[in-house]
Amino acid sequence: MIDKCRPGYIANQKKVSVLWLLFFAAIGVGIFLIGYFLTHTRANVFTVVAVLMVLPAAKRMVGLIVMMPRKSVEKERFDKMKEAVGEAVLYTDYVFTSTEKIMHLDFVVIKNGNVLGVIAPSKQDVSYLKKYFPDSIHKLAPDFKVQLFDMDEQLIKYLSKMKAEEPELAREEKIVEYLHSIAV
């Protein structure tokens, strides 16, 4: 299983969610049929247990709905970005939510007091994303600079202009943990 914020995560989550959904549906139907054949009526404890299988199936369905319109970053794109980023923290296939929207960034880079991202081309409210993402970072770390780019080349160009400094790992650690925790 691929950890969130890693290459191929979205594609993997789609497959895993479909398989779990089918598994829970098959188990629910199987339990119902066993109860029906044993008691010759639908009104039995097996039916109750079968209906309870809807809960984990619904959780997987929500995960599938969240991931379905999104696509994983291609390996070539990731490799190019990884080379440009160097030793900085790089997240990819970054899907996160607010109370109102589901948002998606192809890349998130944390480097030298900066949180940089590339907006994914999926259907999303980009103006909301450009406001929400920096606001959520600034609540935790007001001194971090947050920038979102529309294309990989813009981020790579920005990274090449950054001064070569030693990463401040202790300072960046809380941002790294926060961003990983809010990813879907």
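Residues numbered from 1 in each chain as written. Predicted model: local features only at pLDDT ≥ 70, side-chain atom pairs only at ≥ 80, totals over all residues. Heavy atoms only, no water.

Participant: It is not clear to me how the pattern of salt bridges should be interpreted in this structure. Could you clarify?
Facilitator: Between side chains of opposite charge, a pair can form as their charged atoms come close. Following the criterion strictly, the structure yields seven salt bridges and no others. A salt bridge links E74 to R77; its shortest N-O distance comes to 3.9 Å. The exposure class of E74 is partly exposed, given its relative accessible area of 43%. By sharing partners, the salt bridges in this structure join E74, R77, D106 and D152 into a single network. (Salt bridge = Lys/Arg side-chain N within 4 Å of Asp/Glu carboxyl O. Buried < 20%, exposed > 50% of the residue type's maximum accessible area, 1.4 Å probe, protein only.)

Participant: Looking at this structure, I do not really get the packing of helix α4 (residues 75-85) against helix α6 (residues 152-161). What am I missing?
Facilitator: Packed helices, taken two at a time, are described by their axes: the angle between them and the distance between them. Orientation of α4 relative to α6, taken along the N-to-C sense of each, is 15 degrees, at an axis distance of 9 Å. Classified by the angle their axes make, α4 and α6 are roughly parallel. Here α4 runs over α6; the crossing is left-handed. Here R77, K80, M81, A84 and V85 of α4 lie close against α6, whose contacting residues are D152, E153, L155, I156 and L159. Of the residues assigned to the contact of α4 with α6, the class counts are six nonpolar, no polar and four charged. (Axes fitted to C-alpha atoms, helices over the stretch in contact; angles between N-to-C directions. Helix = DSSP H or I, 4+ residues; strand = E, 2+ residues; numbered from the N terminus. Parallel < 35°, antiparallel > 145°, perpendicular 65-115°, else oblique. Left-handed = near helix turned anticlockwise from the far one by under 90°. Contact = heavy atoms within 4.5 Å. Nonpolar A, V, L, I, M, F, W, Y, C, P; charged D, E, K, R; others polar.)

Participant: Help me understand the pairing of strand β1 (residues 89-97), please; the structure alone is not making it clear to me.
Facilitator: Two faces belong to every sheet, and in a regular strand the side chains alternate between them. Summarising burial for β1: seven of the nine residues are buried, a large majority. Between the end of β1 and the start of strand β2 (residues 102-111), which pair antiparallel, lie four residues. (Pairing = 2+ DSSP bridges.)

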